[in-house]
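# Chains, contacts and geometry: an overview
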Protein chains: 2
Amino acid sequence: MKALMLGAAAALLASTAVQAQMKPEEMVETRQAGYQFMSWNMGKIKAQVIDGKEPFDQAKVAAAADVIAAIANSGMGSLFSPDTTTEQLGDKTRLKPEFFQNLDEAGRIGKQFNTAANQLASVAKSGDQAAIKKAFGDVGASCKSCHDKFRAD
Amino acid sequence: MKALMLGAAAALLASTAVQAQMKPEEMVETRQAGYQFMSWNMGKIKAQVIDGKEPFDQAKVAAAADVIAAIANSGMGSLFSPDTTTEQLGDKTRLKPEFFQNLDEAGRIGKQFNTAANQLASVAKSGDQAAIKKAFGDVGASCKSCHDKFRAD
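Residues numbered from 1 in each chain as written. Chains lettered and ligands numbered in written order. Predicted model: local features only at pLDDT ≥ 70, side-chain atom pairs only at ≥ 80, totals over all residues. Heavy atoms only, no water.

The name given to chain A in an unreviewed UniProt entry is Cytochrome c556, and the organism recorded there is Stutzerimonas balearica DSM 6083.

If you want it as structure tokens, here you go:
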């Protein structure tokens, strides 16, 4: 368990180091762009599969799920460094400093999110609406899990 | 040719109508988020394949190319409506009103961009660096083509 925790933390810090050349503000803007674009695509799936506000269009749901998975798989961990929290940047970000005191937990949630996003993309290709609904819920739950722990109100 | 032009324009306007419920500012922010996140991923490929500033890592290049293709395929046309140009929104956007007077041209460039982005994702999976370099250049050229015509300085 200790090794697993250290492993996740080390992976997160290693990926952080790669993007050391980005300014803190750039990291924040880039990760926010990723989340905003994922959110738009989550909204499209929600409107079609959960709320029924728009007719179900399998190709559009699959395209939206592909965006979420691709962004989730893009190595966003490298956009999180300890100098990019509310402590240094005030209201430019909502990332609590606690994130870096709980890197094992952050890494675990991040991994859950990736798994859920890949599952959503996979079932969206199949077009099975019940499976899409379930996978969409799992993605949303992993988003919320991180927000509850590490995002300022 | 006329039919083709009308076809592209009609497709663009139809996709615009779907997102009629978004506010103009939201459309601008969402499309900017998509472009910014694509730009980050273009930068990663450039550093590895064009500039050689970072060692070539096929998995990372493929992940970055997947982001660009997924965003390109996400129906961004729906984030462009005639009330979201510099004319209405000043410096909140760089989209020139000319875009909507040349929808056939805009549609043609958009289609080129999609084709190039999908090609980049395809060759990135193969790991052939020469092919990646060529496809990366084609994506960049289609970005520039739209910027030159429809983006304010």
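This is not the end of the story, as more comes after the structure.
### A word on the overall build of chain A
What counts here: For helices the rule is a DSSP run of H or I covering at least 4 residues; for strands it is a run of E covering at least 2, with both sets numbered from the N terminus onward. Burial classes follow relative accessibility: with a 1.4 Å probe on protein chains only, a residue under 20% of its type's maximum area counts as buried, one over 50% as exposed, and anything between as partly exposed. Residues are treated as being in contact if the distance between any of their heavy atoms lies within 4.5 Å. Computed with a 1.4 Å probe, the accessible areas rest on the Shrake-Rupley method; for each residue, only the protein chains presented here act as cover.
The secondary structure content of chain A amounts to seven helices and zero strands. For chain A, the proportion of its 153 residues judged to be buried stands at 43%. Contacts spanning at least 24 positions in sequence make up 69% of the contacts within chain A whose residues lie at least 6 apart. Put simply, chain A shows about 7700 Å² of open surface, and 57% of that area lies on carbon and sulfur atoms.

### What about the relation of the copies chain A and chain B?
Heads up, the rule is: The atoms used to superpose the copies are C-alpha atoms, taken from residues with pLDDT of at least 70 in both, and the fit is least squares.
With an RMSD of 0.0 Å, the fit of chain A onto chain B corresponds to turning through 180° and sliding 0.0 Å along the axis. The symmetry that links the two subunits is that of a two-fold axis. No C-alpha of chain A approaches the rotation axis more nearly than that of Ala33(A), which lies at 2.1 Å.

### So, helix H7 (residues 129-150) of chain B
Every α-helix winds through 3.6 residues per turn, so residues three or four apart in the chain are directed the same way. As a reminder, the rule being used: Take the residue count of a helix, subtract one, and multiply by 1.5 Å to get its expected span.
Between its first and last C-alpha, H7(B) extends 31 Å over 22 residues, near the 32 Å set by a 1.5 Å rise per residue. Buried within H7(B) we find Ile132(B), Ala135(B), Phe136(B), Val139(B), Ser142(B), Ser145(B) and Phe150(B).

### Quick notes on the interface of chain A and chain B
Formally: When two parts are brought into contact, each loses some accessible area as probed by a 1.4 Å sphere; the total of that loss over both is the buried area. One speaks of a salt bridge when a side-chain nitrogen belonging to Lys or Arg is within 4 Å of a carboxyl oxygen belonging to Asp or Glu. N or O atoms closer than or at 3.5 Å make up a polar contact, with two conditions inside protein: a donor-capable atom paired with an acceptor-capable one, and, for residues adjacent in sequence, both atoms drawn from side chains. Residue classes follow a fixed rule: Ala, Val, Leu, Ile, Met, Phe, Trp, Tyr, Cys and Pro count as nonpolar, while Asp, Glu, Lys and Arg count as charged, and any other residue, Gly among them, counts as polar.
Each side of the interface is counted separately: chain A has 26 residues, and chain B has 26 residues. Roughly 1800 Å² is buried in total at the junction of chain A and chain B, and carbon and sulfur atoms are behind 64% of that figure. Taken together, the links from chain A to chain B amount to zero salt bridges. Scanning the region where chain A abuts chain B turns up four residue pairs in polar contact (both at pLDDT 80 or more). Broken down by secondary-structure element, the contributors of at least two residues to the side of chain A that touches chain B are helix H2 (24-50) and helix H3 (58-72) of chain A. When its residues are assigned to classes, the side of chain A that touches chain B shows 11 nonpolar, 10 polar and five charged.

### A closer look at the packing of aromatic side chains
Rules: Only rings of Phe, Tyr and Trp enter the pairing, Trp through its six-membered ring, and a pair is recorded when the two centres are within 6.5 Å. The plane angle decides the type: under 30 degrees is stacked, over 60 is edge-to-face, the rest tilted. The rule is short: NZ of Lys or CZ of Arg within 6 Å of the ring centre and within 35 degrees of the ring normal puts a charge over the ring.
Evaluated as defined, the whole model comprises eight aromatic pairs over all chains. Within the aromatic cluster, the residues linked to one another by ring pairs are Phe80(A), Phe99(A), Phe100(A) and Phe150(A). Directly above the aromatic system of Trp40(A) lies the positively charged group of Lys44(A), at a separation of 3.6 Å from the ring centroid. In this structure, Arg31(B) is placed above the aromatic ring of Phe80(B), and the distance from its NZ or CZ to the ring centre is 4.7 Å.

### Section: the environment of Ala63(B)
All names here are of chain B. Summarising the element assignment, Ala 63 is placed in helix H3 (residues 58-72). When its relative accessible area of 16% is taken as the criterion, Ala 63 is described as buried. Counting along the chain gives 58 residues from Ala 63 to Ala 121, while the straight-line C-alpha distance between them is 8.3 Å.

### Some details on the side chain of Lys44(A)
Note that Lys44(A) resides in helix H2. Within polar-contact distance, the side chain of Lys44(A) engages the side chain of Asn41(A) at 2.8 Å.

### Notes on a negative patch on the surface
All names here are of chain A. Heads up, the condition is: Patch membership needs two things, relative accessible area over 30% and no salt bridge, and members are linked within 9 Å if like-charged or within 5 Å if nonpolar (Val, Leu, Ile, Met, Phe, Trp, Tyr). As used throughout, the charge tally considers Lys and Arg to be positive and Asp and Glu to be negative, leaving His and the chain termini uncounted. Where a charge lies is defined by one atom per residue type, namely NZ (Lys), CZ (Arg), CG (Asp) and CD (Glu).
Where like charges cluster on the molecular surface, the negative patch consists of Glu 25, Glu 26, Glu 29 and Asp 83. Of note, Asp 83 is situated in the loop between H3 and helix H4 (86-89). With relative accessibility at 37%, the residue Asp 83 sits in the partly exposed group.

### What about the environment of Lys149(A)?
Residue and element names in this part refer to chain A. With respect to the helices, strands and loops of the structure, Lys 149 is situated in helix H7 (residues 129-150). The exposure class of Lys 149 is partly exposed, given its relative accessible area of 38%. Measuring from C-alpha to C-alpha, the distance between Lys 149 and Ala 106 comes to 8.9 Å, with 43 residues separating the pair along the chain.

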